[in-house]
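What the coordinates show
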Amino acid sequence: FGNQYTARIPAVRARQTYVAEFIDTTIGLGTRKLCDIGAGEGQFLEIVRSEYDVTSIFGIEPSATNCRQMSEKSIPTFHGTIEDFLVDSAGSKPPFDTVTVMWTLENCRSCRAMVDAAWELLEEGGHIIVATGSRILVPFKKPLDYYISNYSGDTHPSRFSANSLHNLLATSGFEEVEVNRYIDTDYLVAVYRKAKKGERVDLKKDDYHEVIDFFKRWQEETKAHFAGK
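Residues numbered from 1 in each chain as written. Predicted model: local features only at pLDDT ≥ 70, side-chain atom pairs only at ≥ 80, totals over all residues. Heavy atoms only, no water.

Right, let's talk about the pairing of strand β4 (residues 96–102) for a bit. The buried fraction of β4 is high, at 7 of 7 residues. Both strand β1 (residues 33–37) and β4 contribute to a ladder of 4 bridges, which runs parallel. Opposite C35, over in β4, you have V99 as the bridge partner. Two elements, β4 and strand β5 (residues 122–133), share 6 bridges in a ladder whose sense is parallel. The residue of β5 that forms the bridge with V99 is I128. Note on the crossover from β4 through helix α5 (residues 111–121) to β5: the handedness is right-handed. (Buried < 20%, exposed > 50% of the residue type's maximum accessible area, 1.4 Å probe, protein only. Helix = DSSP H or I, 4+ residues; strand = E, 2+ residues; numbered from the N terminus. Pairing = 2+ DSSP bridges. Right-handed = clockwise from strand over helix to strand, strands pointing away.)

Here it is as structure tokens:
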């Protein structure tokens, strides 16, 4: 694969398997009508199809190459963005009861628009599962420059703590069901249920002084132990 990113490596398959099992133990994957937004090469959909009794799977993916790979494995796909899909399916009944957004929300130009679109995709009472890196206000899990680099083309405009992710979902019409034990894993996985929009919600705040101090200490630890590595 050269320098081109691929999910077909052990580390990525492991985290996708973790998400699948967390969903299954939390709300059950059997009989689900599941859509993966930003489905990539379709590896996660292959996992849930082979290991769990899901009713149907579907991938929304902007890469034509990835969509072609999924089609070759008999995975139904939509080539385009989630916004394109909503326009294409306008007026039809929401087709899914489960939507996964895995290591994708942080890449979006607007994380709010992504979550709002997922809300539109879901049947009443359906679930969204967001998986992202667990990095903020947790034990340091990698050097800081592995997380935030000097590369001008940073494609991760949003960074989430458990609280900021909750606030995004809660103010977009979702209610919390379960959050994994992110404090000691590389993954932050949140399962939320579609609810009514516009209702008053309880926000969970991070103390910005603690966040600033956290990144200062992370930088100091990186310099002390990983300089030049």
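Anyway, onward from the coordinates.
Moving on: the packing of aromatic side chains. Any two aromatic rings considered together are summarised by their centre-to-centre distance and by the angle between their planes. All chains considered together, the criterion is met by 13 aromatic pairs. Centroid distance W103 to Y187: 5.7 Å. Interplanar angle 90°. Geometry classified as edge-to-face. Of this pair, W103 sits in the loop between β4 and α5 while Y187 sits in strand β7 (residues 187–194), and the two are 84 residues apart along the sequence. Each member of the pair, W103 as well as Y187, is classed as buried. When the ring of F140 is compared with that of F214, the centres are 5.2 Å apart and the planes differ by 40°; the resulting orientation is tilted. You can see F140 sitting in the loop between β5 and α6 (144–147) and its partner F214 sitting in helix α8 (residues 208–226), a full 74 residues away along the chain. Taken together, F140, Y147, F214, F215 and W218 form an aromatic cluster joined through their ring pairs. Sitting over the face of the ring of W119, K194 holds its NZ or CZ atom 4.0 Å from the ring centroid. Looking at K197, its charged tip hangs above the ring of W119, at a distance of 4.8 Å from the centre. (Phe/Tyr/Trp six-rings, centres within 6.5 Å; stacked < 30°, edge-to-face > 60°. Lys NZ or Arg CZ within 6 Å of the ring centre and 35° of its normal.)

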